[in-house]
Amino acid sequence: MSKGKDNYYQPYIYAGDQSFRNGAYNSALEYYEEALTIQQLSSIHLKMSIAFKYLFQWEQSIRSMELYINTARLSQDRMAMAQNELDNLLFTQSAHEEYTAQNFNYNIQKLSFSTDELEYFPTISGDSEYLVYTHRDISGSRPSDEDLFMGTFDGMARNEKPLKGNLNSILNEGAASISADGQFMVLTVCNRPDGKGKCDLYYSYWNPNDGWEIPKPLPGDINTGRWESQPSLGPDGQTIYFVRGENSMGADMDIFVSTLGIDGNWSKGKKLPKSINSPDRESSPFIHFDGKTLYFRSERSPSLGGSDFFKCTRLTDSTWSEPVNLGFPLNSFGEEFSMVIDKSGTFGYLASDRGNEILPDYTTMTALDLYRFDLPEHLQPEARENYDIVIVDSLSNKAIGNATVQLYNDEGVQFFNGISSQYTGRVRLMTDFSDIRVTAYKKGYVPYSGGISRLDYLAAPLHGPKVAYIKLVPVRTGSRFALKNILFELDESTLRPESEKELALLFRMLVDAPKLKATIIGHTDNQGNQTYNQSLSEARAEAVLKWLIAKGIPSERLQSEGRGMDEPISSNDTERGRALNRRTEIILR
């Protein structure tokens, strides 16, 4: 290249670009330096800034970017973009310093079933036994349609295969989310004649005999004429976080949340706050099993690459903490795509085009891969463990599907409202091991009311099934049952608001069985004298009777009486025993 050296700088830039693409960043810088000795071009400073960045030489990278900004003739928009890149560099320098100071091994490993094709949008089961993910074959002359695959685990990934059943077709299916119990799925389906837009949200149930059933559009208003995709099911059984935009490449992609109504329809969806939905594109939401920690992808700045992963926490029903960039090495210089976190909160899986922990692999930039990683404590959600509740018939012990199941914490705050699996009768509780209250109901059965305590969790086997069986008793004259979650104000007959859900089940049973009559019996513990407790039990039973009449049950079908402290079912020597004795019983007539 010595001949005509003073006139030909382009070969040096070309050689530098080739070296850069091959990962030889020092060689690239030498070629760019040689080009600068021939011609002072501002664009060379920009190329050098990126090469220094990939060598983690931050001062030189920042200096080269500043030279580019000071020497380039840029429009107002391009100047703003250049200044934004400088801000990104300063942020990246700080993030890398934090990463190197952590002394934490993220242990990022490519999954064994991640191929040279595209694998992305992982979703994890509540028992952590397998991943469902989207697979796309790009080996032919044109990319194939998207299909859903499953990878099972034995330590690291063991194998992969298409999902069993009737989900995959010649059209695109992908970006799925499975319920914690693995029995229900919400997925993205495109170009279907029964859809409302190009891509919509569909659902499918797991049939143990035939696999996943043919997907159907989610009922309600969640699907519009726009592009709905990338769902994440909340552990409460009533929420779906998802992405809506004009199309898959639209600049208006934002994260929404839809809720399930009592009529079984999903709402249109509410856009999450501006702290989460920036002016740039947001996508790939994942709500953790704790029900309040949200991970998502955003193209906002400052960032490490073209898109980064973020984390935020739901503070109230409508407010969230400020999103935190997950930093190195979960974010890289490449494009991040999607992420899920295991129930334990200590590890997760992501899809990215990175070639190693931080640097993109320019030889495989068209291939998204799946990786496993460990998560440091400051980025972890609250830990959860899976504990299954199975609804069965008290006489036959056969599973009861589609039973209404509601779960509450010990303060009476509901955190799950859903139905048991139609084939297995199963509901998966993602527990923090605190005491919970359980109600269950199915037409033809009396309502169930009970609880699961810390002792129940501890009694579960360390390995193997962690299951509580709830037996529903068929409705018949003479049936007697207790509603343990009907609560009153202390020493009063005023019903507490959290009693409404269980009272509603009693009301529903009486509506479903219009020929039955009911006697409502109040019971107390032994705190206070007998006369006081007798009066209190009568007033509480009457309060339940009046509630039912106000809702429309004819008064001639109802009676109430109080039995005070005379019929304990547990010891009054402990608070737990006294709580069991304070109950409302129903006798069907």
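Residues numbered from 1 in each chain as written. Predicted model: local features only at pLDDT ≥ 70, side-chain atom pairs only at ≥ 80, totals over all residues. Heavy atoms only, no water.

On to the side chain of Lys53. In this fold, Lys53 is placed in helix α3 (residues 42-54). For the buried residue Lys53, which engages in no salt bridge, the nearest side chain bearing the opposite charge is Glu85, 5.6 Å off. Beyond its immediate sequence surroundings of up to four residues, Lys53 is in contact with Trp58, Ser61, Leu89, Leu304 and Phe333. (Helix = DSSP H or I, 4+ residues; strand = E, 2+ residues; numbered from the N terminus. Buried < 20%, exposed > 50% of the residue type's maximum accessible area, 1.4 Å probe, protein only. Lys, Arg positive; Asp, Glu negative; His and termini not counted. Salt bridge = Lys/Arg side-chain N within 4 Å of Asp/Glu carboxyl O. Contact = heavy atoms within 4.5 Å.)

This brings us to the sheet that holds strand β19 (residues 336-341). Within the open sheet, the four strands sit side by side as β1-β21-β20-β19. Their pairing is antiparallel. The strands lining the two open edges of the sheet, one partner per strand, are β1 (109-110) and β19. Sheet topology places β1 next to strand β21 (residues 369-374); two bridges connect them, and they run antiparallel. Its bridge partner being in β21, Lys110 is matched across the sheet by Tyr371. (Pairing = 2+ DSSP bridges.)

Glancing now at the packing of helix α4 (residues 58-71) against helix α5 (residues 76-102). In the contact formed by α4 and α5, the axes pass within 10 Å of each other and the chain directions differ by 170°. With respect to their mutual orientation, α4 and α5 come out roughly antiparallel. The residues of α5 that touch α4, namely those facing Trp58, Glu59, Ser61, Ile62, Met65, Glu66, Tyr68 and Ile69, are Arg78, Met79, Ala82, Gln83, Glu85, Leu86, Leu89, Leu90, Thr92, Gln93 and His96. Among the residues forming the contact of α4 with α5, the class breakdown is ten nonpolar, five polar and four charged. (Axes fitted to C-alpha atoms, helices over the stretch in contact; angles between N-to-C directions. Parallel < 35°, antiparallel > 145°, perpendicular 65-115°, else oblique. Nonpolar A, V, L, I, M, F, W, Y, C, P; charged D, E, K, R; others polar.)

Turning our eyes to something else, we now look at the environment of Ile389. Its place among the elements puts Ile389 in strand β22 (residues 385-393). On a C-alpha basis, the gap between Ile389 and Val405 in space is 9.4 Å, while along the polypeptide they are 16 residues apart. Not counting chain neighbours up to four residues away, the residues in contact with Ile389 comprise Leu407, Gly425, Arg426, Val427, Val438, Ile452, Ala468 and Ile470.

In this section: helix α8 (residues 530-551). Compared with an ideal rise of 1.5 Å per residue, which puts 22 residues at 32 Å, α8 spans 32 Å between its outermost C-alpha atoms and is within 8% of the ideal. Taken residue by residue, α8 has Asn533, Leu536, Ser537, Arg540, Ala541, Ala543, Val544, Leu545, Trp547 and Leu548 as its buried positions. As for α8, its buried residues are in contact with α7 (500-512), β30 (518-522), β31 (558-562) and β32 (584-588). Where α8 starts, the residue carrying a side-chain oxygen 3.2 Å from the main-chain nitrogen of Thr531 turns out to be Asn529. Just past α8, the residue Gly552 takes up positive phi, approximately 120°. (Expected span 1.5 Å × (residues − 1). Polar contact = N/O pair within 3.5 Å; in protein donor to acceptor, adjacent residues only side chain to side chain.)

This part takes up the sheet that holds strand β28 (residues 467-472). Judged by pairing direction, the sheet is mixed, and its three strands sit side by side in the order β25-β22-β28 without closing on themselves. Every other strand in the sheet has two partners, leaving β25 (426-431) and β28 as the edge strands with one partner each. The sheet shows a mean angle of 25° between the axes of neighbouring strands, taken without regard to direction.

Bringing the pattern of salt bridges into the picture now. Taken as a whole, this structure holds 25 salt bridges when the rule is applied. A salt bridge links Arg226 to Asp252; the shortest N-O distance between them is 2.1 Å. Here Asp252 lies in the loop between β12 (239-245) and β13 (254-259) and Arg226 lies in the loop between β10 (216-217) and β11 (227-233), a separation of 26 residues in the sequence. The class of Arg226 is partly exposed, set by a relative accessible area of 30%. With a shortest N-O distance of 3.2 Å, Glu382 and Arg384 are connected by a salt bridge. Taking the relative accessible area as the measure of exposure, Glu382 reaches 34% and is therefore partly exposed. You can call Arg384 buried: its relative accessible area is 12%. One network of salt bridges, with partners in common, ties together Arg480, Glu561, Arg563, Glu567 and Glu585.

Attention now goes to the nonpolar core. Among the nonpolar cores identified, the biggest contains 64 residues, and Leu330, Met339 and Phe373 are the most heavily contacted of them. Residue contributions to this core peak at seven residues, all from helix α2 (residues 25-38). Formed by 25 residues, the second largest nonpolar core is a distinct cluster that contains Phe488, Met509, Ala513 and Val544. (Core = buried A, V, L, I, M, F, W, Y, C linked by side-chain atoms within 4.5 Å.)

The next point concerns α2. Given a rise of 1.5 Å per residue, 14 residues ought to cover 20 Å, and the 20 Å separating the end C-alpha atoms of α2 matches this to within 8%. The set of residues buried in α2 consists of Tyr25, Ala28, Leu29, Tyr32, Ala35, Leu36 and Ile38. Buried positions along α2 lie against α1 (10-21) and α3.

Burial analysis of strand β15 (residues 282-287) places six of its six residues in the buried class, the great majority of the element. The sheet contact formed by β15 and strand β16 (residues 293-298) spans four bridges and is antiparallel. Bridging across to β16, Glu282 finds its partner in Ser298. The hairpin formed by β15 and β16 contains five residues between the paired strands, and Gly291 there has a positive phi angle of roughly 80°.

Time to look at the side chain of His45. Among the structural elements, His45 can be located in helix α3. The contact partners of His45, leaving out residues within four places of it in the chain, are Leu36, Gln40, Ser64, Leu67, Tyr68 and Thr71.

Looking at the chain as a whole, its pLDDT mean stands at 88, while 93% of the residues score no less than 70. Of all helices and strands in the chain, the one with the weakest mean pLDDT is strand β5 (residues 156-162) (62), whereas β16 scores best (97). (pLDDT = per-residue confidence, 0-100.)

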